[in-house]
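If you want the building blocks of each chain, they are given just below.
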Amino acid sequence: MKTFLLNLPLLADVSKIATDDYVGFTFFVGCMAMMAASAFFFLSMNDFDKKWKTSILVSGLITFIAAVHYWYMRDYWAAVGESPTFFRYVDWILTVPLMCVEFYLILKVAGAKKSLMWKLILASVIMLVTGYFGEAVYTSGSGPAVWGLISGLAYFYIVYEIWLGSAKKLAQEAGGAVLTAHKTLCWFVLVGWAIYPIGYMAGTTGWYDGIFEGLNMDVIYNIGDAINKIGFGLVVYAAAVASRKSA
Ligand SMILES: *C/C=C(C)/C=C/C=C(C)/C=C/C1=C(C)CCCC1(C)C
């Protein structure tokens, strides 16, 4: 890690991306998309009242943090030709908890307690740390499958909490734009986040060998990030617009 950081090319010294490198292409496009989305969220946040302004600011922070990591991942991939697992998980450990904060911010009007936010954040950290163990540390034997399973359990806990737990009740009490936004974000977590375990199984070995053959882990992760980070932010933006109209 240390030698890699020291050898990191200067920003202007961009590595060559081969014409047939479709993985590199998705890193490049992902980087630009995250930057553009950040500009959009930051520039539009002042159009809304205080409650929604914070939510849209967080949407912008999520895509901005991702944009910076994609800059490095794109370069790492081009220079080293390996999956940038370290940067990937640093990105996630910052952005996924922020998405949990987003759920809390939206439900705050309905009286959501901070404990809900911390429960979701804790589960997301467990999900990511155990995923990192399986992807980068315990990579032989049944390591990836076992750690992936533990990660999956934490993921299901998040799904349960927002779909059926206390978060659901709060959203129903709030109704209107809050309920609509909450429901859509729930679908993002159930369907959009389920993209990641597929990437994980495509890139690690276990009982699932062969099922996702031919799929590239980084391409799947990059598609997942684009859908979940930018899409998630746009749902919040749409909710802010909707509540402004009804006010
Ligand atoms: C912006 C980044 C996001 C929304 C990342 C989400 C990542 C996940 C939901 C990862 C989940 C995993 C499992 C459920 C099992 C296998 C290991 C992981 C970490 C890929």
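Refer to the structure above for everything that follows.
Parameters and conventions
- Sequence positions are assigned chain by chain, starting from 1 and proceeding in written order.
- Whole-chain, interface and lining totals are the exception, using all residues; otherwise, since this is a predicted model, local features are given only for residues with pLDDT of at least 70 and side-chain atom pairs are given and counted only at 80 or more.
- Each side-chain value is derived from all of the structure's non-hydrogen atoms; neither hydrogens nor water enter the calculation.
- The helix and strand labels rest on DSSP assignments: H or I over at least four residues marks a helix, E over at least two residues marks a strand, and numbering proceeds from the N terminus.
- What the globule rule says is 2.2 Å times the number of residues to the power 0.38, and the radius of gyration is computed from C-alpha atoms.
- For the exposure calls, accessible area comes from a 1.4 Å probe over protein chains only, and a residue counts as buried if that area is under 20% of its type's maximum, exposed if over 50%, partly exposed in between.
- Note on contacts: a residue pair is in contact if any heavy atoms of the two residues lie within 4.5 Å.
- Charged residues are defined here as Lys and Arg on the positive side and Asp and Glu on the negative side; His and the ends of the chain fall outside this count.
- Here the site of a charge means NZ on Lys, CZ on Arg, CG on Asp, or CD on Glu.
- When at least one non-hydrogen atom of a residue lies within 4 Å of a molecule or strand, that residue is treated as near it.
- All accessible-area figures derive from a Shrake-Rupley calculation using a 1.4 Å probe, and residue coverage is judged against the displayed protein chains alone.
- Throughout, the ten residues Ala, Val, Leu, Ile, Met, Phe, Trp, Tyr, Cys and Pro are labelled nonpolar, Asp, Glu, Lys and Arg are labelled charged, and all others, Gly among them, are labelled polar.
- Here, a salt bridge means any Lys or Arg side-chain nitrogen found within 4 Å of an Asp or Glu carboxyl oxygen.
- In this analysis an axis means a line fitted to C-alpha atoms, helices contributing only their contacting stretch, and an angle means the value between N-to-C directions, from 0 to 180 degrees.
- Under this scheme an angle from 65 to 115 degrees is roughly perpendicular, one under 35 degrees roughly parallel, and one over 145 degrees roughly antiparallel; angles in between are oblique.
- Crossing handedness follows the turn of the near helix against the far one: under a right angle anticlockwise gives a left-handed crossing, and clockwise gives a right-handed one.
- Definition of a polar contact: a pair of N or O atoms within 3.5 Å, with one able to donate and the other able to accept a hydrogen when the atoms are protein atoms, and with sequence-neighbouring residues admitted only if both atoms are side-chain atoms.
- Side-chain atoms within 4.5 Å are what join buried Ala, Val, Leu, Ile, Met, Phe, Trp, Tyr and Cys residues into a set we call a nonpolar core.
- Between 30 and 60 degrees the pair is tilted, below 30 it is stacked and above 60 it is edge-to-face, where a pair is any two Phe, Tyr or Trp rings, Trp via its six-membered ring, whose centres lie within 6.5 Å.
- Think of it as a cone above the ring: NZ of Lys or CZ of Arg counts as a charge over the ring if it is within 6 Å of the ring centre and within 35 degrees of the ring normal.

**Q** I'd love a proper account of the overall build of the protein chain, names of residues and values included.
**A** Counting its regular elements, the protein chain contains 10 helices and zero strands. Mapped from its N terminus to its C terminus, the protein chain presents α and β elements in the order α-α-α-α-α-α-α-α-α-α. In terms of overall dimensions, the protein chain is globule-like: its C-alpha atoms have a radius of gyration of 19 Å, near the 18 Å expected for 247 residues. A principal-axis box enclosing the C-alpha atoms of the protein chain has dimensions of 50 × 40 × 30 Å. The proportion of buried residues among the 247 residues of the protein chain is 49%. In the protein chain, the proportion of contacts linking residues at least 24 apart, taken out of those at least 6 apart, comes to 76%. In the protein chain, the 17 positive side-chain charges and the 16 negative ones have mean positions that sit 16 Å from each other.

**Q** Could you give me a rundown of the site of the ligand, with the residues and numbers involved?
**A** Trp92, Met127, Ser151, Tyr196 and Lys229 are the nearest of the 17 residues found near the ligand. A total of 530 Å² of accessible area belongs to the ligand in isolation, and the protein chains cover 99% of it. Listed by contribution, the elements that provide at least two residues to the shell around the ligand are α4 (85–107), α5 (114–137), α6 (143–163), α9 (195–203) and α10 (217–246). Broken down by element, the residue count for the shell around the ligand peaks at five residues, all from α4. Of the residues contributing to the shell around the ligand, the split by class is 11 nonpolar, four polar and two charged.

**Q** Summarise the pattern of salt bridges; cite the residues concerned and give the values.
**A** For the structure on display, the rule yields five salt bridges. For aspartate 218, the salt bridge is made with arginine 88, and the minimal N-O distance between the two is 2.8 Å. Taken together, the positions of aspartate 218 in helix α10 and arginine 88 in helix α4 put the pair 130 residues apart, joining distant regions of the chain. Taking the relative accessible area as the measure of exposure, aspartate 218 reaches 3% and is therefore buried. With a shortest N-O distance of 3.3 Å, aspartate 225 and lysine 229 are connected by a salt bridge. With aspartate 225 and lysine 229 both in helix α10, this residue pair falls four residues apart, about one helical turn. Several salt bridges converge on common partners, so that one network encompasses Arg88, Asp218, Asp225 and Lys229.

**Q** I'd like a rundown of the environment of glycine 131, residues and numbers included.
**A** Mapped onto the elements, glycine 131 comes out in helix α5. Sequence separation between glycine 131 and leucine 153 is 22 residues; the distance between their C-alpha atoms is 11 Å.

**Q** Kindly report on the packing of α4 against α5, identifying the contributing residues and their values.
**A** Two quantities define a packed helix pair, namely the angle between the helix axes and the distance between the axes. Axis separation between α4 and α5 bottoms out at 9 Å; the angle between their running directions is 160 degrees. Here α5 runs roughly antiparallel to α4, going by the angle between their axes. The two elements α4 and α5 meet at a crossing, and its hand is right-handed.

**Q** I'd like a rundown of the environment of glycine 143, residues and numbers included.
**A** Looking at the secondary structure, you find glycine 143 in helix α6. Measuring from C-alpha to C-alpha, the distance between glycine 143 and glycine 206 comes to 8.1 Å, with 63 residues separating the pair along the chain. Sequence-distant contacts of glycine 143, that is, excluding residues within four places in its chain, are made with Gly134 and Tyr138.

**Q** Now, about the side chain of aspartate 218: what can you tell me, with residues and values included?
**A** For aspartate 218, the side chain forms a polar contact with the side chain of arginine 88, separated by 2.8 Å. Discounting chain neighbours no more than four positions away, the residues touching aspartate 218 are Val23, Phe27, Trp77, Ser83, Pro84 and Arg88.

**Q** Can you lay out the nonpolar core for me, pointing to particular residues and giving the numbers?
**A** Here is a general trend for soluble globular proteins: nonpolar side chains tend to be buried in one another's company. Trp52, Leu107, Met127, Val189 and Trp193 are the most contacted members of the largest nonpolar core, which has 71 residues in total. Tallying contributions element by element places α4 first for this core, with 13 residues. Residue contacts for methionine 127: discarding those within four places in its chain leaves Val96, Ser151, Ala154, Tyr155, Ile158 and Trp193.

**Q** A description of the packing of aromatic side chains should follow, citing residues and the corresponding values.
**A** One pass over the full model with this rule turns up 22 aromatic pairs. Between tyrosine 72 and phenylalanine 87, the ring centres sit 5.7 Å apart and the planes meet at 20 degrees, which makes this aromatic pair stacked. Here the residue tyrosine 72 occupies a position in helix α3 (residues 50–80), and phenylalanine 87 occupies one in helix α4, the gap between them amounting to 15 residues. Classification of phenylalanine 87 by relative accessible area gives buried; the value is 10%. Ring geometry for tyrosine 89 against tyrosine 132: centres 5.3 Å apart, planes inclined by 70 degrees, an arrangement best described as edge-to-face. In this pair, tyrosine 89 sits in helix α4 while tyrosine 132 sits in helix α5, placing the two residues 43 residues apart along the sequence. Classification of tyrosine 132 by relative accessible area gives partly exposed; the value is 26%. Clustering of aromatic rings is evident, with ring pairs tying together Tyr89, Trp92, Tyr132, Tyr196 and Tyr221. Sitting over the ring of tryptophan 52, lysine 51 keeps its end group 4.1 Å from the ring centre.

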